[in-house]
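Chain residues, written in single-letter form:
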Amino acid sequence: MTAATATKQALLQRLDGLHQIPTIPAVLAPLLRYLQQPVEQLDVQKVTDLLSQDKSLAAQCLQMANSPLFGRAQNVQSLRGAVVSLGFHHVSDIAMSCGVLNMLPSDKASLDPVVFWEHSLGCALVSRQIARKINFGDPGKAYLAGLLHDLGIIVNLWVLPKEFRAAWEMGKGEGIPLHEAEQKSMGFTHCDSGRLLGERWALAPELIEVISYHHAPEKSAEHTGLVALVQLADLLCRMSGLNYGYVEERQVNLAEESGFGLLAQHSTALKDFDWARLTFELDSYMDEVHSLVRAIYRT
Amino acid sequence: MDGPPEPELVRIRDVIYQTAGIFHPDNKLRLLQDRCGRRMKELKVQTLREYSECLTIRPTRQAELIALLNEITIGETSFFRNQPQLDALRRIVIPKILEAKSNLPLRRLRIWSAGCSTGEEPYTLRMLMLEELNVQLKDWSTEILATDLNERSLAHAEEAVYGSYSTRNLTPSYRNKYFIPQGDKLQVNALARSNISFSRLNLSDDSRMTFMKSMDAIFCCNVLIYFDLASKRRVIQHFFNNLLPHGYLFLGHSESLFGVNDDFRLVHLPGATAYVKGERTPAGGKSL
Ligand SMILES: C[S@@+](CC[C@H](N)C(=O)[O-])C[C@H]1O[C@@H](n2cnc3c(N)ncnc32)[C@H](O)[C@@H]1O
Ligand SMILES: [Fe+2]
Ligand SMILES: [Fe+2]
């Protein structure tokens, strides 16, 4: 057995036997399941009720509902008010975002988990924006995919904090992508560990594909368009200030990425897409994301 | 930001982006609003809505647009204006250019600062090259061409004396290495003034533009805002022809070529964007 497969085996074992493994927050599991139904069958009040069961989650949701990132920032006072004024799709986006934040380990001794959360939120927003602009399916789905794409990083932070930190240091030192550093130093990436957790949580198949293949969308079989979209959104975030806390020393030509050609098969609007403008818009997300995360952390 | 952006302001933002190619993200809308405010005072216009009509419907809209663009750009410049862009040049772009030229006998870099104003930009580039002199650029010579339309700006550039505003981003190390104090001002020293040539050039002068050959990198930052679409297209086409195959075009922060030119390819660098020459496939289409 090579060192790499040994580490992978060790990861699997640890993941299996671990009890403090991030569980999907109690409120979110039913919410997620509920949201998998067709939109016409969804009930606004039911979503509000589900959320109200967790006081701190509800408070965080209100913080986010009042951010310009979610459109109207007209000082929403109650969850119900948020549902009414933002539309409950946004509320569920927000709930999921807070849920992911709450899954991060609070021990900051190893690596500050906040940067990963900021990256995920940024990627969610950019994915949503791309989906809207190129008319690619449901923007809410793209948001969720962007938000959860790096679920494996959460697993790594919990299960192998030392090894993951070493990988991150290597990435930072060499200025290379995090998944390449993980592969080099641990023998697997957050795509592998994310997939394990995604399957254990029985996430929707398209989310599992995004989590598993967002760094190699050509490997995805069924939901290639969504996976490709998240690959591009992720790259944009990594080349901006919503990266993993370090700068990758490289040049990216989105049109040469495998995801670009794949996404183009699903959307004719892609060839006329203004990537430069989206990149500049990211500048304004960045400030909002930073201040929002700070505000929520205090909640 | 407090509250959602005003729809009228967003409309003005879009007009500016479409006509001048300069984009104000949400966090810069305040700035845009200030600039509009100055014009509104001048015109004695009360509301943004009314002002937006001055830019879009009124017969004088063309003139008003130029007046607003002047407010937005006011010929401003400074040393180290766009740090991520400069970092990317040094860490990523220069190595790529050197690699592309590694088999050529002539070890020379040519960089053009087009629309250099009072000289802060080309001097900044020169200082970066000097920092790399004994590292990446060992055995290489560099040449910086700096051009502008404005003769007074060029005279200022040759004199190379600067006040506190345009030198505000200088680190102590650059200040000590490349400047001489002159009263309460700073003058660029002889070393940093070497290998730069300043000359007057109108970017719309087609015959002179064809002579700016064999560039490795062109910086044309915060200049194209002064051009209408047709002349912008011509300038960019010249840049395309003037660049070597591996060459780079850098624009100002938040400037884009979207809708202006299809030959250049957008590339992303950490915290910055640039344009490179795309390769054409044999069929004449573009490769992905
Ligand atoms: C805002 S300054 C940019 C200075 C510098 N590139 C920077 O980004 O800091 C714009 C400059 O463009 C020059 N400019 C405007 N139209 C021009 C033209 N047709 N040809 C050459 N330069 C021009 C102006 O004279 C002015 O100095
Ligand atoms: Fe990832
Ligand atoms: Fe990512």
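Our next topic: the coordination of the iron ion (ligand 3). Residues and elements named next belong to chain A. Bound to the iron ion (ligand 3) are the protein donor atoms His119 (NE2), His149 (NE2), Asp150 (OD), Asp234 (OD) and Tyr244 (OH), situated 2.1 to 2.2 Å from the metal. Here the iron ion (ligand 3) and the iron ion (ligand 2) are spaced 3.5 Å apart, and both take Asp150 as a donor. Here His119, found in helix α7 (residues 114-133), pairs with Asp234, found in helix α14 (residues 224-239); they are 115 residues apart in sequence, far enough to count as distant.

Glancing now at the domain arrangement of chain A. All names here are of chain A. According to the domain assignment, chain A contains domain 1 (3-22 + 107-298) and domain 2 (23-102). Facing 23 residues of domain 1, the contacting portion of domain 2 comprises 18 residues. Joining domain 1 to domain 2, the criterion identifies zero salt bridges. Listed by contribution, the elements that provide at least two residues to the side of domain 1 that touches domain 2 are α7, α8 (139-148) and α16 (275-298). With seven residues, the top contributor of residues to the side of domain 1 that touches domain 2 is α16.

Moving on, we come to the pattern of salt bridges. Applying the stated criterion to the full structure yields 24 salt bridges over all chains. A salt bridge links A:Glu174 to A:Lys184, with the nearest nitrogen and oxygen atoms 3.0 Å apart. One end of the pair, A:Glu174, is in helix α10 (residues 161-174); the other, A:Lys184, is in helix α11 (residues 178-186), with ten residues separating them in the sequence. Residue B:Glu64 is joined to B:Arg39 by a salt bridge in which the shortest nitrogen-to-oxygen separation is 2.9 Å. Placement of B:Glu64 in helix α4 (residues 61-73) and of B:Arg39 in helix α2 (residues 29-43) is noted, with a sequence separation of 25 residues between them. Of the two residues, B:Glu64 and B:Arg39, neither departs from the other in class, the shared state being buried. Residues joined by salt bridges that share partners form a network here, namely A:Lys133, A:Arg277, A:Glu281, B:Arg13, B:Asp14 and B:Asp26.

We now examine the coordination of the iron ion (ligand 2). Residues and elements named next belong to chain A. At 2.1 to 2.2 Å from the iron ion (ligand 2) lie its protein donor atoms, namely Asp150 (OD), His190 (NE2), His214 (NE2) and His215 (NE2). Geometry at the iron ion (ligand 2) is irregular, judged from its four donor atoms and the angles of 83 to 172° they form at the metal. Spacing between the donor residues of the iron ion (ligand 2) along the chain follows D-x39-H-x23-H-H.

The next thing to look at is the sheet that holds strand β5 (residues 185-188) of chain B. Residue and element names in this part refer to chain B. The three strands lie next to each other as β3-β5-β4, forming an open sheet whose pairing is antiparallel. Looking at which strands have only one partner, the edges of the open sheet turn out to be β3 (161-162) and β4 (179-182). Both β3 and β5 contribute to a ladder of two bridges, which runs antiparallel. Each bridged residue has a counterpart across the sheet, and for Val161 the counterpart in β5 is Gln187.

With that settled, the discussion passes to the site of ligand 1. All names here are of chain B. With respect to spatial proximity, 18 residues lie near ligand 1, and among them Thr77, Arg81, Gly115, Asp148 and Asn222 are the closest. With respect to ligand 1, the side chain of Asn202 contributes an N or O atom lying 2.9 Å from a nitrogen atom. The separation between a nitrogen atom of ligand 1 and a polar main-chain atom of Leu203 is 3.0 Å. In isolation ligand 1 has 600 Å² of accessible area, and contact with the protein removes 93% of it. The pocket occupied by ligand 1, as judged from atoms lying within 2 Å of grid points, is the largest pocket. Its residues assigned to classes, the shell around ligand 1 comprises seven nonpolar, seven polar and four charged.

By size, the foremost hydrophobic cluster in this structure holds 126 residues, and its most contacted members are A:Trp275, B:Trp112, B:Leu203, B:Phe239 and B:Leu249. Residues contacting B:Phe239, with those up to four places away along its chain left out, are B:Trp112, B:Ala114, B:Leu203, B:Met209, B:Ile218, B:Cys220, B:Leu249 and B:Phe264. Within the second largest apolar cluster, 45 residues are counted, among which are B:Phe79, B:Val93, B:Tyr248 and B:Phe250.

Take the sheet that holds strand β6 (residues 196-200) of chain B next. Residue and element names in this part refer to chain B. Strand order across the open sheet formed by seven strands is β6-β2-β1-β7-β8-β10-β9, with mixed pairing between neighbours. The outermost strands of the open sheet, each flanked by one partner alone, are β6 and β9 (264-269). Looking at each pair of strands side by side, their axes are set apart by 25° on average, direction ignored. In terms of strand pairing, strand β1 (residues 108-114) meets strand β2 (residues 141-148) through seven bridges, oriented parallel. What sits directly across from Arg110, in β2, is Glu143.

Bring the parts together and some accessible area is lost; that lost area is often taken as the interface size. Facing the 29 residues of chain A at the interface are 30 residues of chain B. Here chain A packs against chain B, burying approximately 2400 Å² in sum over the two surfaces, 61% of which is carbon and sulfur. By the criterion of area lost to chain B, the three top residues of chain A are A:Gln251, A:Arg277 and A:Phe280, representing 28% of everything that side buries. Counting the contacts that link chain A with chain B gives two salt bridges. Its salt-bridge partner being A:Glu249, residue B:Arg91 comes within 3.2 Å of it at the nearest N-O pair. One can count nine residue pairs in polar contact (both at pLDDT 80 or more) joining chain A with chain B. Those elements that provide at least two residues to the side of chain A that touches chain B are α14, α15 (258-264) and α16 of chain A. Ranked by residues supplied to the side of chain A that touches chain B, first place goes to α16(A) with ten residues. Class assignment for the residues of the side of chain A that touches chain B results in 13 nonpolar, five polar and eleven charged.

Reading guide: rules and limits
- Residues numbered from 1 in each chain as written.
- Chains lettered and ligands numbered in written order.
- Predicted model: local features only at pLDDT ≥ 70, side-chain atom pairs only at ≥ 80, totals over all residues.
- Heavy atoms only, no water.
- Donors = N, O, S within 2.8 Å, 3.2 Å for Na, K, Ca; no water.
- Helix = DSSP H or I, 4+ residues; strand = E, 2+ residues; numbered from the N terminus.
- Domains from an automatic or database assignment.
- Contact = heavy atoms within 4.5 Å.
- Salt bridge = Lys/Arg side-chain N within 4 Å of Asp/Glu carboxyl O.
- Buried < 20%, exposed > 50% of the residue type's maximum accessible area, 1.4 Å probe, protein only.
- Tetrahedral: all angles 85-135°; square planar, octahedral: opposite > 155°, others 65-115°.
- Pairing = 2+ DSSP bridges.
- Near = heavy atom within 4 Å.
- Polar contact = N/O pair within 3.5 Å; in protein donor to acceptor, adjacent residues only side chain to side chain.
- Areas by Shrake-Rupley, 256 points an atom, 1.4 Å probe, with all protein chains shown as cover.
- 1 Å grid on protein atoms, 1.4 Å probe; cavity = no way out; pocket = protein on both sides within 12 Å on 5 of 7 lines; lining within 4 Å.
- Sits in = over half its atoms within 2 Å of the grid points.
- Nonpolar A, V, L, I, M, F, W, Y, C, P; charged D, E, K, R; others polar.
- Core = buried A, V, L, I, M, F, W, Y, C linked by side-chain atoms within 4.5 Å.
- Axes fitted to C-alpha atoms, helices over the stretch in contact; angles between N-to-C directions.
- Buried area = accessible area lost by both parts, 1.4 Å probe.

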